[in-house]
Amino acid sequence: MESVNLSSTPVDYIPILIQLGVAVGFGVLTIIGTHLIGPKVRTENKLGAFESGVEVVGNARQPFSIKYFLVAILFVIFDVEVIFMYPWAVNFREFGVEGLIEMFIFMGLLLLGFIYVIKKRALDWD
C-alpha cells in the first residue's frame, strides 16, 4: 500500500494567489476603466434622484410596514428547508426508516410554523 503525503508546501498555494490576483486586478481595472472611458457629462437630470423610472415623491426615509421584513424572513426559512431536503433526497436510501422519520418530524415542525404564520395573518397585505 502506498503512503500518501498530505503535507502542503507554499508552492501549492500559487494557483490560489494567482486567481485572487486576477480577481482583484479585474475589479480594480474595471472601476478605473469606467471612470477613464465613460461619459463625463453632468446634468441636473443625471444627478437627480431616479427610482425605477418614476419621479420620487416624498421622503425616502419614511417608515414602512414590517410585513416586508417578515416576508423576507419567511422566504429565507422556506429556502433553508429546501437546502435541507435536497441532500436528504440524494441520500434517502442510506438513511433508511430512521431518516424517513426524521424528515417527517422536520416537515411536521415546518408545517406547524407555516400554520402559525397563516393564523397570525403574516402573509396578508392589508
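The structure presented is a predicted model; accordingly, all values stated were derived computationally and were not measured.

Definitions and limits used
- Residues numbered from 1 in each chain as written.
- Predicted model: local features only at pLDDT ≥ 70, side-chain atom pairs only at ≥ 80, totals over all residues.
- Heavy atoms only, no water.
- Helix = DSSP H or I, 4+ residues; strand = E, 2+ residues; numbered from the N terminus.
- Buried < 20%, exposed > 50% of the residue type's maximum accessible area, 1.4 Å probe, protein only.
- Contact = heavy atoms within 4.5 Å.
- Areas by Shrake-Rupley, 256 points an atom, 1.4 Å probe, with all protein chains shown as cover.
- Phe/Tyr/Trp six-rings, centres within 6.5 Å; stacked < 30°, edge-to-face > 60°.
- pLDDT = per-residue confidence, 0-100.

Peer 1: Is there a simple way to explain the overall build of the chain in this structure?
Peer 2: Looking only at helices and strands, the chain features four helices and zero strands. Written out in order from the N terminus, the α and β elements of the chain read α-α-α-α. Evaluated residue by residue, the chain yields a buried proportion of 6% over its 126 residues. Residue pairs in contact within the chain that sit at least 24 positions apart in sequence constitute 53% of those at least 6 positions apart. When the accessible surface of the chain is split by element, carbon and sulfur atoms take 69% of a total near 12000 Å².

Peer 1: Hey, could you run me through the packing of aromatic side chains in this one?
Peer 2: The description of an aromatic ring pair uses the distance of the two centres, along with the angle that the planes make with each other. Within this structure, the stated rule accounts for three aromatic pairs. Ring centres of Phe84 and Phe106 lie 5.7 Å apart, and the angle between their planes is 80°; on these two criteria the pair is classed as edge-to-face. Taken as a pair, Phe84 in helix α3 (residues 67-90) and Phe106 in helix α4 (residues 92-119) lie far apart in primary sequence, 22 residues in all. Residue Phe106 is classed as partly exposed on the basis of its relative accessible area, which comes to 26%. Pairing Trp88 with Phe92 gives two aromatic rings, centres 5.2 Å apart and planes at 75°, and the pair type is edge-to-face.

Peer 1: When you look at the confidence of the model for the chain in this model, what are you seeing that I'm missing?
Peer 2: Detailed conclusions should not be drawn from predicted coordinates in areas where pLDDT is low. With 89% of its residues at a pLDDT of 70 or more, the chain has an overall mean of 83. Element-level mean pLDDT values for the chain span from 76 in helix α2 (residues 44-47) up to 95 in helix α1 (residues 14-37).

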